[in-house]
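What follows is the residue order along each chain.
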Amino acid sequence: SYSQANVIGTGNNVGGLIGTAFGFTDGATFFVGGKTDNSYSSGTVSGNSNVGGLIGYTSYGFSIYNSYSTSTVSGSSSVGGLTGIFIIGYNTISTSYFTGPNNGFGTYESIGPSAFYGNSHAVYSPWDFTNIWKEVSGNYPVFEWQEIIVAVPNIPDVSVPDGNDDKENKEVKVWGEKPKFDFTP
């Protein structure tokens, strides 16, 4: 999963992808829980406290694997590039990193996107760059399926004139047949 949104929270437990990530107890002293695996966030995240680029607050028994955040994060307390609050000893972070701010949990990555090329950095070596992740030249990795979507030509050519409204937009070329509907779209 991923998020490229700008998240603005007025309270606590604000994250770029997940606000509060719950684990749970089995009723004894063992904690079991959820996880996020192969996820990322980018954009801006702001809130009061427990503000994280990926997750704001992680409760007992939550795990983060093979994930990253390039989000710009701000808040008044417990602010982290990957997570705002992460309870050590009951949660797990493995092979996950963030680019800023330089605090919180996970691995701070100052190299930037070039750290992914050739998968040479130790934190990325277990990442699956064959089936899940795709290297993007000059940028951070995306999911394999996202590269296909990026390649779909849906951006108008620079030669297409801009109009102020649909009446001023000029049809330059038609490709294929326009669909016919039995209702007014």
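The coordinates are above.
Notes on the structure in this doc start here.

Conventions we followed
Residues numbered from 1 in each chain as written. Predicted model: local features only at pLDDT ≥ 70, side-chain atom pairs only at ≥ 80, totals over all residues. Heavy atoms only, no water. Helix = DSSP H or I, 4+ residues; strand = E, 2+ residues; numbered from the N terminus. Buried < 20%, exposed > 50% of the residue type's maximum accessible area, 1.4 Å probe, protein only. Contact = heavy atoms within 4.5 Å. 1 Å grid on protein atoms, 1.4 Å probe; cavity = no way out; pocket = protein on both sides within 12 Å on 5 of 7 lines; lining within 4 Å. Points joined across faces, edges and corners; volume = space filled by probe spheres on them. Nonpolar A, V, L, I, M, F, W, Y, C, P; charged D, E, K, R; others polar. Core = buried A, V, L, I, M, F, W, Y, C linked by side-chain atoms within 4.5 Å. Phe/Tyr/Trp six-rings, centres within 6.5 Å; stacked < 30°, edge-to-face > 60°. Polar contact = N/O pair within 3.5 Å; in protein donor to acceptor, adjacent residues only side chain to side chain. Pairing = 2+ DSSP bridges. Axes fitted to C-alpha atoms, helices over the stretch in contact; angles between N-to-C directions.

Focus: the overall build of the protein
Moving on, step 1. Looking only at helices and strands, one finds 1 helix and 19 strands in the protein.
Moving on, step 2. Residues counted as buried form 35% of the 185 residues belonging to the protein.
Moving on, step 3. Here the analysis covers contacts within the protein between residues at least 6 apart in sequence; of these, 63% occur between residues at least 24 apart.

Some thoughts on the layout of surface pockets
Moving on, step 1. Counted as a void, the second largest pocket has a volume near 190 Å³.
Moving on, step 2. As for the second largest pocket, its lining consists of 12 residues, and the residues nearest its centre are Val136, Asn139, Tyr140, Pro141 and Val142.
Moving on, step 3. For the lining of the second largest pocket, the secondary structure elements donating two or more residues are β19 (139–143) and α1 (144–150).
Moving on, step 4. The residue inventory of the lining of the second largest pocket, partitioned by class, reads 7 nonpolar, 4 polar and 1 charged.

A short note on the nonpolar core
Moving on, step 1. In this structure, Tyr40, Tyr68, Tyr97, Trp127, Phe129, Trp133, Tyr140, Val142 and Phe143 together form the largest nonpolar core, which totals 9 residues.
Moving on, step 2. With 3 residues, the single largest contributor to this core is β19.
Moving on, step 3. Counting 8 residues, the second-largest nonpolar core is a separate cluster that includes Leu54, Ile55, Ile64 and Phe86.

A closer look at the packing of aromatic side chains
Moving on, step 1. Considering all chains together, one arrives at 16 aromatic pairs under this definition.
Moving on, step 2. The interplanar angle of 55° and the centroid separation of 5.9 Å between the aromatic rings of tyrosine 2 and tryptophan 145 together place this pair among those described as tilted. Within this pair, whereas tyrosine 2 is found in strand β1 (residues 2–3), its partner tryptophan 145 is found in helix α1, the two being separated by 143 residues in sequence.
Moving on, step 3. For tryptophan 145, a relative accessible area of 43% translates into the label partly exposed.
Moving on, step 4. Here the aromatic residues Tyr2, Tyr40, Tyr68, Tyr97, Trp127, Phe129, Trp133, Tyr140, Phe143 and Trp145 are joined through ring pairs into a cluster of three or more.

Observations regarding the side chain of serine 96
Moving on, step 1. When you line up the elements, serine 96 lands in the loop between β15 (92–94) and β16 (97–98).
Moving on, step 2. At a separation of 3.4 Å, a polar atom in the side chain of serine 96 contacts the main-chain amide nitrogen of asparagine 66.
Moving on, step 3. In terms of polar contacts, serine 96 uses its side chain to reach the backbone amide nitrogen of serine 67, at 3.2 Å.

Structural notes on the sheet that holds strand β4 (residues 18–21)
Moving on, step 1. Read from one edge of the open sheet, 3 strands run β4-β10-β14, paired in parallel fashion. Strand pairing shows two members of the sheet lacking a second neighbour, β4 and β14 (83–86), which therefore form its edges. If you compare each strand with its neighbour and ignore which way they point, the axes differ by 5° on average.
Moving on, step 2. With 3 bridges joining them, β4 and strand β10 (residues 55–58) adopt parallel strand pairing.

A short note on the sheet that holds strand β3 (residues 14–15)
Moving on, step 1. Taking strand neighbours across the sheet as the criterion, the 3 strands line up as β3-β9-β13 in an open arrangement whose pairing is parallel. Bordering the open sheet on either side are β3 and β13 (77–80), each of which pairs with just one other strand.

Observations regarding the environment of valine 73
Moving on, step 1. Looking at the element boundaries, valine 73 is found in strand β12 (residues 72–74).
Moving on, step 2. Judged by relative accessible area, valine 73 falls into the buried class, the value being 11%.
Moving on, step 3. Along the primary structure valine 73 and glycine 43 are separated by 30 residues, whereas in three dimensions their C-alpha atoms are 8.7 Å apart.

Looking at the pairing of strand β9 (residues 49–52)
Moving on, step 1. With 2 bridges connecting them, β3 and β9 associate as parallel partners. Each bridged residue has a counterpart across the sheet, and for valine 14 the counterpart in β9 is valine 51.
Moving on, step 2. The pairing of β9 with β13 spans 3 bridges and is parallel. Within the sheet, the bridge partner assigned to valine 51 lies in β13 and is valine 79.

Just geometry here; none of it tells us what the structure is for.
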